[in-house]
Amino acid sequence: MKKLFLIAFAASFTLSCTDNFKELNTNPGKLTEAGAREMPFMFSRAQSAAAMDRSFYQTVQNLGADLYAQYYALSVTSFQTDRYVLTPDWQRRFWTVVYANTAPQLKAIIENAAPASGEQALANILWVYAFHRLTDHFGPVPYFQAADPVEQIPYDNQEAIYDDFFKRLDQAVADLKALGSGTQVFQGFDLMYNGDVNNWILFANTLRLRLALRIAQVSPDRAQQEAEAAVASGVLTNNGQNASLAKSLKGNDTHGLAQTAAWNEFAMSSTIASYLKGYNDPRLGRYFQPDVTNGQYNSLRNGLPPSALNNPRNNSSQNSNIGTYWVTWSASSSAWTPNLEARQHVMSAAEAWFLRAEGALNGWNMGAAAQECYEQGITASLTQWGADETAIRAYLTSTALPAAPGDTENSPAVAATPIAWAADESTRREQIGVQKWLALFPDGMEAWAEFRRTGFPKMYPVVQSDNADLPSGTFIKRLPFPIVEENNNAGELAKGRALLGGPDNAATSLWWDVNE
Amino acid sequence: MTKLETTNVMTIMKTRTSIYHLLLAVCFTLCCTAGLRAQENREISGTVKDAATGTPLTGVSVRVNGKSQATATDASGRFALQAAQGDVLVFSYLGYRTQEITVGTSASYTVGLQPAEAEELGEVVVTALGIERKTRSLSYATQQLSADQLDEVRDNSGNIMNSLSGKVAGAVITPAATGPGGAARVVLRGNRSISGNNNALIVVDGVPIDNSSNPQANSTFNSYGGSDGAANLNPDDIESVNVLKGATAAALYGSRAANGAIVITTKRGKEGKLAIDYNGGVSIDQPNLLMDFQNTYGRGNGGEAGATAGESWGAPATTYPDNVRSVFRTAATVNNSVNLSGGTENMQGYASYTNNHNAGILPGNDLDRNTLNLRVNNTFFSKLTTDAKITYLNQKISNKPRLGDTGTPMGIYIMPRDMSEAELRDFEGTDPVTGEPTRKYWTTSSIFDNPYWDLNRTSVNEERNRVTLLGSASYQLTDWLRVLARYSFDRYDDKETGRYYNGTVSLGSVQPGGQYYETYNVRSERNIDVLISGDNKLSGDFSLTYNLGGSVLNRKSNSLQNMANGLSIPNQFNLSFATTPAFNNVSIIERELQSIYGSAQLNFRDYLYLDVSARNDWSSTLPSPHSYFYPSVGLSAVLSDALSLPEWVSFGKVRASYTEVGNDAAPYLLDQLYNFSLGAGQGFVSRDLTRAISNLKPENTQAYEVGLDWRFFNNRLGIEATFYKTNTINQLLYIGLPLASGYSQQYINAGNIENKGIELQLNGTPIRGERFSWTTYVNFSRNVNEIIKLSDQSNRADLSTSTRLASVVAVEGGSYGDLYGYAWEKDANGNHLVNDAGLPIVKANTKIGNFNPDFLLGWGNTLSYGQFSLSFLIDGRVGGEMVSGTDSFLGAYGLGDYTAQYRDGGLILPGVKADGTPNTTAIDAQKFWTAVSQNGRDAWGEFFTYSTTNFRLREASLGYEFPLNGGAFKRAQVSLTGRNLFFLYRGKSTLDIPGMQRRTIPIDPEAALGIGNYQGVEAGLLPSVRSFGLNVKLSF
């Protein structure tokens, strides 16, 4: 009997009791496939991420490019980026946005969707959108092997990356055009155009035009070819086609800029104040709102030292927050309420017009003359922000010039750029730069990139730079690579740094940034 | 019960719950019926002697366990009574260790009792699977602690693991500084696993309990520390704790015990009249240690006053030196416990009720714990014994503190030095329209709220209901073979609720109206095992004991959250008011482990023991065939019995062992996962950041251990020493992948981590007099860790994704726990480099420390004089570093006392410029501290790195035992206790900056944000707590 027991006991274990292990080891709360069913959801994820969702907007964009574009200046001492001190962890965050939150989703769609399908085309366009913002911050970045599960990933030079951008956009547009008219792609999931292929074509071409001008100084022939192809194929021309992104209270997908503005740690920069106030620009009251203490449109300079921020006049409460589209002030609760579901601006027709204006000045075939494009750009932007025809007409012929913003530094007018189309080409280029910068608001990433390329608009130097690589009077040129690359991709990082053509710091100009 | 014996284990596994419930039901039913008298009694006689001197002992109580027969030894130490073969005789005598022998075929026995102060000698310890073993026969190190050593002086956290500090050689106890109910990290003999669990297993009455902790900090970002399973243990129910330090000790518990095991035996009923014990205590808890602040300068920057500035870099001002301290309260902790025990020879019962009220030093942060424990032991037909236990616990933690770089303590520390208590308490206004509170803060901030807003307008409360069931039945098949079946079930339900008033910013994203959530976490663990134990006398000199068993362990965890971020009616904290109701599936875990194991011990003349064991596990988390095997072997020789040694040697033993332990992995690693999350449109799907590993292999630890145990001078001096070496290979290791891969990490099988170390325990009784005696012990341990090999792909693995202040990394050739961060760069000649602005030039990714101590020391003493006894424990750690984010904020905000230097400039950092010329640029304190602290959160680690060397008076107690003669009371004792009383020494900053004095670590060097592998970096910890208590023990 004892022996029998022992035998039975041992036998019970030699028999397999593990039949249900596979089922047990499957997590019911997760998916194990990225197939056709998941693709639309992945596209939504990539869209929200690429445009900076709530979790990343503040540290990746607002405390970076938005300040470098001098739309805003910091009114608190808690952050130092306005004095060009860089926070390495935030550079890593930008890479997370693109490589972890965007690229794997798009790659899955590109690889799994039918060749030449609308899904593949949209994923490719979004891919270019996400990566151009990244490479324009850092320069060479891992690109061709992005989202591959490998232990080391090489950096690619910007020229090769841009070449691939153009190819992808060209192919995507061709594929979209080949679809039947009225075809909807990712309908119910596409947060920008809800699957409207025609708008996606315009968006892709405008992106191509933007990228073409970006390389206009460094690769003029390619630039002209791409720009002309883009315009010929059709770019954004009216505000009804503007790209913006749906936001939601659900999850972590609220409007990042609105949330950041409610925290109220930045206010109108004296640079944009000088232009908007001097121009009597109708957009002043849309982009910004009167300060909550004195009811004035007040600004402060970028890069104020902590001691200057002691001055109550430089506090948030005495300077202009961004407009009521994003946040509203409640006097009774002494707090800002963010408009967390406001659609997020991505790209506007005005930008396309200004890009065409510059292209036309370059002698490219932009389908219209430079002045017409310039004035269409202003019209589109003012219309977008609610100005009426009378105001627009007055603006186009205005003789107003930028004014002293009236800040604690007693800053003079930042520039003397007129609004009305000037006679000489260099002023015209500057005008286009200024107006495009105004129209791009609040897209600080694109505005900073174009400021670096063109030098426009003229900006105040930061009052104090605490970055030894960027002496007083200079402007920030790029962001250094994330330091975690030294841990996990060290060999390739070294090669990537070699591609930079300068030290891996914030003073080294990118490939397309040849203007001094 | 006969049915159970023959039930095929396979069937048990398949039929699942019905059988377990049947088993339980049977146990409980049988508890209530009377057993029958045993048969075949015959006369057993013998002599009881002092084991050390051989002197016969008079008046020794001798009884048959579980039966009524009892007697006492006569003047020559002799006894005689009726007992049956297989009965257990219990010998107890004042001043001697109680001893048990099992009646065999012989009718006569000689028993040597060990003097009580040499407890460990004849001590029977509870080892793996609840198997009792004599310490002398063990081939590995254990350390036994009595209830008194653990429950008299209690930690404010209420977690008994913290009471092991300093008392166990080789144990590094790190409490999470999260207030009452906080988790504790217990690492024995160093960290073995790079990415996995390094905590010791906790076993109660033979069965591992769930000690998983709710999420632990993995960065300095603000978070709420989760409690753990050990925090639920009721110290008042504990009889003894045995620490099995090595892998060997725990081979039979399987993988989870690879880090050693804390084996807890709880109280059980004793035969006899009803006995009632009462244990009550109150203690007063207060911050032990606060940082040193400057008390000269007020709000502002650049030496100028700034009314709305958050920093204290302003002009000299009226300051309030105690403003920080004023926020913390002196808290009162109250413990009350009563237990009843008693029974007949065949049935003993134990019941207890304990109420703990532990108050944290932050207002509103309390823990209330009620524990009900019921245990019944039965004997039937003399061959069948059962043990049934049910423990029910209800625990509430209110206002859990949020730690981290923007948590509540940090919010307190950073208040300006010129902020009065009154100004600080003015934390809110009222919205005249809605009547709701409006947030007030002294400066504009997206990351901090007034601490009083935090304390009054945000709260996270946690309630846990936990039921632990244990039922076992043991049947003596023959006089040499016993079978034990055991069922245990441990389940707890946590409900956590979070409330954040409209306007709260410190959480990050509280949507308009406020935020409310409910998180439900249900965890259960079910273990069934069957164990056959045999004991055979092979020949005159040899005997064999052996165990063969099998078990099935199921673990489940399900964590779900209902989130209302945004409330339609502001501050109505109920899901009904959610503007956007959201349901989050936080985590699901389900896994099963099936095991068979066996062990055998060959005993030669009771002085030479050979042990072998083997185990095979099948884990659901591994790919097919799910299986792994691991063996162990050990040898123990009691030389004092084997050889003729001098008189002054009371006992001597040497031992050696080799063990392997396998380990499975976390579930769901085999397939690439994709996550769903809410968002615009219809929601998002994204690839999981962890790369799947389809060919996962089990992890393997190989451990060698040799040790000795010697006693001298009639056991008045003892030394125990252990040397060990463990290598953990094929580690389930997370390594980082390039950011561009889109994965944050991947699991690989690689690595070889080596731990080598020594543990020494000395104990002695220097004075043993009529009225006065002094016993003392010293524990010393040292562990050296080396990462011999990481992987073919990578020679570095990050243990956390956070790079703030410092990263915790494992580097090939380095040791576990290395801290890397920004350090002040040096030129080839060793001069510090300074830039043109006169500030340090730093280099990223430089080693700035290691969080493990070099060695640990504990010195405990008990002095008795008459009815008085005084105990104290001094313990210390030497070596190890911590990067303090608290300190970087003190620097950034101009708060630390050291920031008062060089306010007006004149700080010329000693160093050279890039061209080699000496730095001549003078800077002021604000420039320097703002630069190196990077505003606090992202500080350059080396400038805020501290040695964690510290020595403290950990515990002290003064007790008085009332002399009682008859009456209602059997025992009455009163003691005054103190814990964490003061530091004898605290570590200094590691970077020596000439012109500045070395700073002293501003927080408790042993505290941590959490108990995970993210250690050595802190930010915004609660101050450690000093407790003064009064304790009363009464027995009726």
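Residues numbered from 1 in each chain as written. Chains lettered and ligands numbered in written order. Predicted model: local features only at pLDDT ≥ 70, side-chain atom pairs only at ≥ 80, totals over all residues. Heavy atoms only, no water.

1. Focus: the overall build of chain A
Thinking step 1. On a plain count of helices and strands, chain A comes out with 19 helices and 6 strands.
Thinking step 2. In terms of C-alpha radius of gyration, chain A reaches 25 Å, essentially the compact-globule figure of 24 Å for 516 residues.
Thinking step 3. Structurally, chain A occupies a C-alpha span of about 105 × 55 × 50 Å along its principal axes.
Thinking step 4. With 516 residues in all, chain A has 65% of them scored as buried.
Thinking step 5. Considering only residue pairs separated by 6 or more positions, chain A has 75% of its internal contacts joining residues 24 or more positions apart.
Thinking step 6. Taking the average place of the 39 positive charges on the side chains of chain A and the average place of its 51 negative ones, the gap between the two points comes to 4 Å. (Helix = DSSP H or I, 4+ residues; strand = E, 2+ residues; numbered from the N terminus. Rg over C-alpha atoms; globule rule 2.2 N^0.38 Å. Buried < 20%, exposed > 50% of the residue type's maximum accessible area, 1.4 Å probe, protein only. Contact = heavy atoms within 4.5 Å. Lys, Arg positive; Asp, Glu negative; His and termini not counted. Charge placed at Lys NZ, Arg CZ, Asp CG, Glu CD.)

2. Here's the deal with the overall build of chain B
Thinking step 1. The secondary structure content of chain B amounts to 11 helices and 56 strands.
Thinking step 2. What you see for chain B is a C-alpha radius of gyration of 30 Å, in line with the 31 Å of a compact globule of 1036 residues.
Thinking step 3. Viewed in the frame of its principal axes, chain B has a C-alpha envelope of about 95 × 65 × 65 Å.
Thinking step 4. Counting every position in chain B, which comprises 1036 residues, the buried fraction comes to 62%.
Thinking step 5. Put simply, of all contacts in chain B between residues at least 6 apart along the chain, 69% involve residues at least 24 apart.
Thinking step 6. Of the roughly 36,100 Å² of accessible surface on chain B, a fraction of 55% belongs to carbon and sulfur atoms.
Thinking step 7. Put simply, chain B has 88 plus and 97 minus side-chain charges, and the middle of one group is 3 Å from the middle of the other. (Areas by Shrake-Rupley, 256 points an atom, 1.4 Å probe, with all protein chains shown as cover.)

3. Here's the deal with the confidence of the model for chain B
Residues and elements named next belong to chain B.
Thinking step 1. Looking at chain B as a whole, the pLDDT averages 86, with 92% of positions reaching at least 70.
Thinking step 2. Taking the mean pLDDT of every element in chain B, the minimum, 37, falls on helix α1 (residues 2-6) and the maximum, 97, on strand β52 (residues 945-947).
Thinking step 3. Note on residues 117-121: pLDDT under 50 across the span, and 11 contacts to partners over four residues away in sequence or across chains.
Thinking step 4. Scoring of the predicted complex yields 0.88 for pTM and 0.94 for ipTM. (pLDDT = per-residue confidence, 0-100.)

4. Overview of the sheet that holds strand β55 (residues 1017-1018) of chain B
Residue and element names in this part refer to chain B.
Thinking step 1. Taken in spatial order, the 3 strands line up as β52-β49-β55 in an open sheet, and their pairing is mixed. Pairing within the sheet leaves two strands with one partner each, and these edge strands are β52 and β55.
Thinking step 2. Of the strand pairs in this sheet, strand β49 (residues 881-884) and β52 are connected by 3 bridges, and their pairing is antiparallel. The residue bridging V883 from the neighbouring strand is T945, located in β52.
Thinking step 3. Packing of helix α10 (residues 885-892) onto the sheet brings it into contact with β49, β52 and β55, and relative to β49 it is tilted by some 40°. (Pairing = 2+ DSSP bridges. Axes fitted to C-alpha atoms, helices over the stretch in contact; angles between N-to-C directions.)

5. What to know about the sheet that holds strand β5 (residues 88-92) of chain B
Residues and elements named next belong to chain B.
Thinking step 1. Read across the sheet, 4 strands follow the order β3-β2-β5-β6 without closing on themselves; strand pairing throughout is antiparallel. In this open sheet, the two edge strands, each paired with only one partner strand, are β3 (70-72) and β6 (99-102). Going from strand to strand, the sheet's axes swing by 20° on average, the running direction of each strand aside.
Thinking step 2. Relative to β6, β5 runs antiparallel, the two sharing 4 bridges. Counted as the bridge partner of F91 is Q99 from β6.

6. Things to note about the pairing of strand β44 (residues 807-811) of chain B
Residues and elements named next belong to chain B.
Thinking step 1. Here β44 lies mainly inside the structure; 5 of its 5 residues are buried.
Thinking step 2. Of the two faces of β44, the one carrying S807, V809 and V811 and the one carrying V808 and A810 are both buried.
Thinking step 3. Note that strand β43 (residues 796-798) and β44 share 3 bridges and pair antiparallel. Bridge pairing links R796 to V811 in β44.
Thinking step 4. Note that β44 and strand β45 (residues 818-824) share 3 bridges and pair antiparallel. The residue bridging V809 from the neighbouring strand is D818, located in β45.
Thinking step 5. Remark: 6 residues form the turn of the hairpin made by β44 and β45, two consecutive strands paired antiparallel; G813 in that turn has positive phi of roughly 90°.

7. Some points on the interface of chain B and chain A
Thinking step 1. Taken together, the 103 residues of chain B in the interface contact 98 residues of chain A.
Thinking step 2. Both faces combined, the contact of chain B with chain A buries some 8,200 Å², and carbon together with sulfur accounts for 59% of it.
Thinking step 3. Here A:D89 makes a salt bridge to B:R804, at a shortest N to O gap of 3.8 Å.
Thinking step 4. Put simply, chain B and chain A have 26 residue pairs in polar contact (both at pLDDT 80 or more) between them.
Thinking step 5. Tallying contributions element by element places strand β32 (residues 581-604) of chain B first for the side of chain B that touches chain A, with 8 residues.
Thinking step 6. Grouping the constituent residues of the side of chain B that touches chain A by class yields 37 nonpolar, 48 polar and 18 charged. (Buried area = accessible area lost by both parts, 1.4 Å probe. Salt bridge = Lys/Arg side-chain N within 4 Å of Asp/Glu carboxyl O. Polar contact = N/O pair within 3.5 Å; in protein donor to acceptor, adjacent residues only side chain to side chain. Nonpolar A, V, L, I, M, F, W, Y, C, P; charged D, E, K, R; others polar.)

8. Remarks on empty space enclosed by the protein
All names here are of chain B.
Thinking step 1. Put simply, the largest cavity is a space of about 330 Å³.
Thinking step 2. Along its surface, the largest cavity is lined by 28 residues, and D155, P175, A176, S1024 and V1025 are the ones closest to its centre.
Thinking step 3. Taken together, the residues of the lining of the largest cavity sort by class into 11 nonpolar, 10 polar and 7 charged. (1 Å grid on protein atoms, 1.4 Å probe; cavity = no way out; pocket = protein on both sides within 12 Å on 5 of 7 lines; lining within 4 Å. Points joined across faces, edges and corners; volume = space filled by probe spheres on them.)

9. Brief notes about unusual backbone geometry
Thinking step 1. The step from A:F441 to A:P442 runs through a cis peptide bond, and the omega angle for that step is 5°.
Thinking step 2. With respect to the secondary-structure elements, A:P442 resides in the loop between α16 (425-440) and α17 (444-454).
Thinking step 3. Note the cis peptide between B:S624 and B:P625, where omega equals 10°.
Thinking step 4. Mapped onto the secondary structure, B:P625 falls in the loop between β33 (608-619) and β34 (627-638).
Thinking step 5. Unlike most non-glycine residues, B:Y668 shows phi in positive territory, near 70°.
Thinking step 6. Relative to the elements of secondary structure, B:Y668 occurs in the loop between β35 (649-663) and β36 (674-677).

10. So, helix α11 (residues 925-933) of chain B
All names here are of chain B.
Thinking step 1. With 8 of 9 residues buried, α11 is to be regarded as a mostly interior element.
Thinking step 2. Along α11, the residues that are buried comprise A925, Q926, F928, W929, T930, A931, V932 and S933.
Thinking step 3. For α11, the elements touching its buried residues are β19 (300-301), α10, β50 (907-908) and β51 (922-923).
Thinking step 4. Regarding α11, its N-cap is D924, as a side-chain oxygen of that residue lies 3.1 Å from the backbone nitrogen of Q926 further along.

11. Things to note about the pattern of salt bridges
Thinking step 1. Taken as a whole and judged by the stated rule, the model has 75 salt bridges over all chains.
Thinking step 2. With its nearest N and O atoms 3.5 Å apart, the salt bridge here joins B:K400 to B:E496. Placement of B:K400 in the loop between β24 (384-398) and β25 (402-403) and of B:E496 in strand β29 (residues 481-500) is noted, with a sequence separation of 96 residues between them.
Thinking step 3. Connected through shared salt-bridge partners, A:R133, A:D136, A:R210, A:R214, A:E351, A:E358, A:K436, A:D443, A:E446, A:E450 and A:R453 make up one network.

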